[in-house]
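# What the coordinates show
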Amino acid sequence: MQTADSLKQYKDELRESLDNEFLRAALDAFAKAYPAGRQRAFADYDFRALVAEGAVIKDAAAKKMDELYEQFKTEAEKRGVVVHMAKTADEANEIIARIAKEGGVKRVIKSKSMTAEETHLNVRLEKDNLEVVETDLGEWIIQLRHEGPSHMVMPAIHLSRHQVKDLFSDVTKQPQEADIGKLVKVARSQLRRKFVEADMGITGANFAVAESGTLGIVTNEGNARMVSTLPRIHVALVGLDKLISSSDDAIKLLRVLPKNATGQAITSYVTWISGATPMTIPGYPTKEIHIVFLDNGRRALAEDPLFSTILRCVRCGACANVCPVYRLVGGHKLGHVYIGAIGLLLTYFFHGKDKAKNLVQNCIACGACKDICAGGIDLPRLIKDIHARIQEEEGRPLQSRLLGQVLSNRKLFHTLLRSAKAAQKPISADAGYLRHLPLIFSSKHNFRALPTIAEKPFRDRFPAIKPSTKPGGLKVAIFAGCAQDFIYPEQLEAAVAFLDKSGVNVEFPVDQSCCGLPVAMMGEKDAAKKVALQNVKAFNPDDYDYILTLCASCASHLTHGYKNILAGDPALITRLDAFTRKVVDFSTFINDVLETRTEDVVQQAPVKAAYHAPCHLCRELGVRQAPRDLLAKAGLDYVPTTEEEVCCGFGGSFSMKFPELSKELLNNKLNAAEEAGAEILVTDCPGCVLQLRGGAHKQGRKIQVKHISEILGKK
């Protein structure tokens, strides 16, 4: 559970996780194994189609949440069930405590329920001196350790079998072996007695089917089935977001949930509960079933035009499985109760901004969570919006406001960059790097060498290298982005030379500025909008066939980010649509639009070359094959590396804010390239070049890091 009061305290806690070698190894092993299992599970399915189908079901259910609740209540009560509604977490806890008191309950068993974690139900029941025992193996382990889950599906993933062995030895007062099979038997022997003795069983539910008043519970251990059947009283605590119309809808969602969660075709147990059943316990002829529906902000979410999509979440936990930050720090540092990308959002809505304000800053915006989300939720965008909302509510930090003011004023921004060129001279080294970090950086940022500002930005160089007009040739406007305009202008020069020889007419609209992604990441919405407006006005899409950028992050932000930032401005609709449709990344343009052939390209020495896929290129733009084709056409020996599409750790302002996390991701990427025997590491984004090249230089590694434009020469 994340409770840091300040960002500094939160960063200190992150450091503790980075030092936890077992945690790192366990999460790393799972992250590497998970994709293969998931791929096998979805082998015969169209994942995107299943996601789209599920989104329609969940969106429709959210829009008629109250109607479904009334229908469910009616149908369930016909079958002898008592249905309750709780507006808040405390109200839900009080209802359940009252049921326990009226039922003469002394012992309670529970199956895993994130909704019960959300309300801190155990704490409330234990105040009434009730014995509450978790029966899911992972949940039981963390209950014994008095800590919260570190993953929504695998709550004890952060613990080793040796730690569990020691824990079980203490509990049983007998020495135990660090053998997983034997430890499971110990847990079973301890818990079986609890099942038999319990007066009340508490479960959650994955589905609440309105047409029949039926609950659906998805588990692997079978404990939920025992919890719901053995005790004389069964209470289900269910979020209103679990309501759906029909069993057909539940089955459709069930086709996605286990596959995306753990790579299983189906879980070991899927339990359906429709009404109270007869019992043989003396004095209790019929089972007593209560279903407590929890609002706790869900109704308000359903009415929110932007954040209502959060209610599509099926709690598969996949957003944590693929998150590079979660993989480094674990769920106790990347969540409060709910874990992973969805946890950052739910923390704000269910537990308040105080718990969320640090967490939402720890998103690297790589898009891996969005790509895999079973609900099709645009998680990175919503996290940025929550960050901006918190800043508006609490006051924006000075650093953030200054950056917003500078970037939203192109002339001021460019003047500062030109001034920095002169100011850096005393600390510039010959290799194009600063000899040491400027004073504004802490020593933690010293994990990579920082490049110097170029002597002459690309915008000043372009008039001299502008290709002559070629009648009938394609017309391309270059969007430089600030990194290539002022730091790596040679990458753009190489691209212009290639385009010139390919018969392409090239222009450079000088009123363009930074794409605005850094301020969007900082939660500076007004500044992000000003910058976007400036760039859309700088490029008249009617004048060009394409707006070409060599920066994957710029391409993604211009294409997708601007549609969100500038939405709702009717005067811009036509121009914005034309603008975004004409944006193209460099590899796609050279490989697919120009259809460049091997014989068109100057051949490089046939050395082994690895490729780092920028997050925004492979996931946001869906460009995967074109850059790899270009490596081969350039004569390089492309060698696949492990996890090519995992983030390099740059993430714009992320690497500034969380340098220690950024460093770990950088090292993983460089290690993978070197382990593959690569002599060159090629990528499509200047931000990734800055991170990888600076890291390799700082660590004295021999591998060269190049932008793809630097390995392509047109014959």
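Just above sits the structure.
To start, this report covers the structure provided alongside it. (Residues numbered from 1 in each chain as written. Predicted model: local features only at pLDDT ≥ 70, side-chain atom pairs only at ≥ 80, totals over all residues. Heavy atoms only, no water.)

### Focus: the overall build of the protein
Broken down by element type, the protein carries 35 helices and 20 strands. In summary, the protein has a C-alpha radius of gyration of 28 Å against a globular reference of 27 Å for 715 residues, a match within 12%. Partitioning the contacts of the protein with sequence separation of at least 6, the portion at a separation of at least 24 is 78%. In the form shown here, the protein has an accessible surface area of approximately 29,100 Å², with 51% of it arising from carbon and sulfur atoms. Measuring between centres, the 94 positive side-chain charges of the protein sit 2 Å from its 85 negative side-chain charges. (Helix = DSSP H or I, 4+ residues; strand = E, 2+ residues; numbered from the N terminus. Rg over C-alpha atoms; globule rule 2.2 N^0.38 Å. Contact = heavy atoms within 4.5 Å. Areas by Shrake-Rupley, 256 points an atom, 1.4 Å probe, with all protein chains shown as cover. Lys, Arg positive; Asp, Glu negative; His and termini not counted. Charge placed at Lys NZ, Arg CZ, Asp CG, Glu CD.)

### Section: a negative patch on the surface
On the surface, a cluster of negative charge is contributed by Asp 5, Asp 354, Glu 392, Glu 393, Glu 394 and Asp 526. Broken down by element, the negative patch gets its largest block of residues, 3 residues, from helix α20 (residues 379–394). With respect to the secondary-structure elements, Glu 392 resides in helix α20. Judged by its relative accessible area of 53%, Glu 392 falls in the exposed class. (Patch = residues over 30% accessible without salt bridge, like charges linked within 9 Å, V, L, I, M, F, W, Y side chains within 5 Å. Salt bridge = Lys/Arg side-chain N within 4 Å of Asp/Glu carboxyl O. Buried < 20%, exposed > 50% of the residue type's maximum accessible area, 1.4 Å probe, protein only.)

### A word on the packing of helix α21 (residues 398–407) against helix α22 (residues 410–423)
Packed helix pairs are specified by the crossing angle of their axes together with the interaxial distance, meaning the distance between the axes. Across the interface, α21 lies against α22 with an axial gap of 6 Å and an inter-helix angle of 105°. Accordingly, the angle class assigned to the pair α21 and α22 is roughly perpendicular. Contacts between α21 and α22 involve Gln 405, Val 406 and Leu 407 from the first element and Leu 412, Phe 413 and Leu 416 from the second. Of the residues that constitute the contact of α21 with α22, the class distribution is 5 nonpolar, 1 polar and no charged. (Axes fitted to C-alpha atoms, helices over the stretch in contact; angles between N-to-C directions. Parallel < 35°, antiparallel > 145°, perpendicular 65-115°, else oblique. Nonpolar A, V, L, I, M, F, W, Y, C, P; charged D, E, K, R; others polar.)

### Description of helix α17 (residues 340–351)
Along α17, 12 of the 12 residues are buried, which leaves the element largely enclosed by surrounding structure. When we look at burial in α17, the residues that qualify are Gly 340, Ala 341, Ile 342, Gly 343, Leu 344, Leu 345, Leu 346, Thr 347, Tyr 348, Phe 349, Phe 350 and His 351. Buried residues along α17 sit against α6 (114–119), α14 (298–303), α15 (318–321), α18 (353–356), α19 (368–372) and α20.

### Some words on the sheet that holds strand β4 (residues 200–203)
The strands that make up a sheet pair up through hydrogen bonds in the backbone, lying either parallel or antiparallel. As summarised here, the arrangement of the 6 strands in space is β1-β12-β7-β4-β2-β3, forming an open sheet in which the pairing is parallel. Edge positions in the sheet fall to β1 (81–86) and β3 (131–134), since each has one partner strand and no second. Sheet twist, expressed as the average angle between the axes of neighbouring strands with direction ignored, equals 20°. The pairing of strand β2 (residues 107–110) with β4 spans 3 bridges and is parallel. Counterpart to Val 108 in the pairing with β4 is Met 200. Lying on the sheet, helix α10 (residues 180–197) is in contact with β2 and β3; it crosses β3 at an angle near 130°. (Pairing = 2+ DSSP bridges.)

### Some details on the state of the cysteines
Under the definition given, this model contains 0 disulfides. Summary of cysteine pairing: Cys 316 is not part of a disulfide, and the nearest cysteine sulfur, belonging to Cys 313, is at 6.5 Å. Of the cysteine sulfurs around Cys 618, a residue in no disulfide, the closest is that of Cys 615, at 6.0 Å. (Disulfide = S-S within 2.5 Å.)

### Notes on the nonpolar core
Among the nonpolar cores identified, the biggest contains 183 residues, and Phe 293, Ile 342 and Leu 712 are the most heavily contacted of them. Here this core gets 8 residues from one element, more than from any other, and that element is α17. Ignoring sequence-local partners within four residues, the contact set of Ile 342 consists of Met 152, Ile 310, Cys 313, Cys 319, Ile 377 and Leu 379. Membership of the second largest hydrophobic core comes to 21 residues, among which are Ile 96, Leu 121, Ile 202 and Leu 237. (Core = buried A, V, L, I, M, F, W, Y, C linked by side-chain atoms within 4.5 Å.)

### Here we look at the sheet that holds strand β13 (residues 475–479)
Spatially, 4 strands are ordered β14-β13-β15-β16 in an open sheet, and the strand pairing comes out parallel. Looking at the sheet topology across the chains shown, the edges are occupied by β14 (505–507) and β16 (583–585). Direction aside, neighbouring strands of the sheet carry axes that sit 35° apart on average. Judged from the 4 bridges that link them, β13 and strand β15 (residues 546–549) form a sheet pairing that is parallel.

### Describing helix α28 (residues 552–565)
Here α28 contains 14 residues, and its C-alpha end-to-end distance of 18 Å stays within 8% of the 20 Å for a straight helix at 1.5 Å per residue. For α28, the principal kink sits at Leu 558 and spans about 40°. Counted residue by residue, α28 has 10 buried out of 14 residues, so it is predominantly covered. Listed as buried for α28 are Ala 552, Ser 553, Cys 554, Ala 555, Ser 556, His 557, Leu 558, Thr 559, Gly 561 and Tyr 562. (Expected span 1.5 Å × (residues − 1). Bend = angle between axes of the 7 residues up to and from the residue.)

### Comments concerning the pairing of β2
In this sheet, β3 lies alongside β2 in parallel orientation, the contact comprising 4 bridges. Residue pairing across strands places Val 108 opposite Val 132, the latter belonging to β3.

### Looking at the packing of aromatic side chains
Per the counting criterion, the structure on display carries 18 aromatic pairs. An angle of 65° between the planes, with centres 5.0 Å apart, marks the rings of Phe 42 and Phe 47 as edge-to-face. Phe 47 gets classed as buried once you look at its relative accessible area, which sits at 11%. One cation-aromatic arrangement involves Arg 38 over Phe 47; the distance from NZ or CZ to the ring centre is 4.4 Å. (Phe/Tyr/Trp six-rings, centres within 6.5 Å; stacked < 30°, edge-to-face > 60°. Lys NZ or Arg CZ within 6 Å of the ring centre and 35° of its normal.)

### Concerning the environment of Ile 465
Along the chain, the position of Ile 465 falls in helix α23 (residues 458–465). Among residues more than four places away in sequence, those in contact with Ile 465 are Phe 458, Glu 493 and Val 496.

### Focus on the side chain of Asp 249
Among the secondary structure elements, Asp 249 is positioned in helix α12 (residues 247–254). There is no salt bridge for the buried Asp 249, and the closest opposite charge comes from Lys 252, which lies 4.6 Å off by N-O distance. In this structure, Asp 249 is in contact with Ile 57 and Ile 244, ignoring residues within four places of it in sequence.

### Topic: the side chain of Ser 113
As for its placement among the helices and strands, Ser 113 is situated in the loop between β2 and α6. Classification of Ser 113 by relative accessible area gives buried; the value is 5%. Excluding residues within four positions of it along the chain, Ser 113 makes contact with Thr 203, Gly 204 and Leu 237.

### Examining the environment of Leu 670
Summarising the element assignment, Leu 670 is placed in helix α34 (residues 659–675). Given the relative accessible area of 0%, Leu 670 is considered buried. Separated by 27 residues in sequence, Leu 670 and Glu 643 have C-alpha atoms that sit 11 Å apart. Once residues lying within four places of it in the same chain are set aside, the contact partners of Leu 670 are Leu 681, Leu 692, Gly 695, Ala 696, Gln 699, Arg 701 and Ile 703.

### Considering the pattern of salt bridges
Evaluation of the coordinates by the stated rule reveals 48 salt bridges. As a salt-bridge pair, Arg 298 and Asp 241 come within 2.6 Å of each other at their nearest N and O atoms. A residue pair is termed long-range when its members are at least 10 positions apart, and Arg 298 in helix α14 and Asp 241 in the loop between β7 (233–239) and β8 (243–244) qualify at 57 residues. Taken individually, Arg 298 and Asp 241 each receive the classification buried, so the pair is uniform in this respect.

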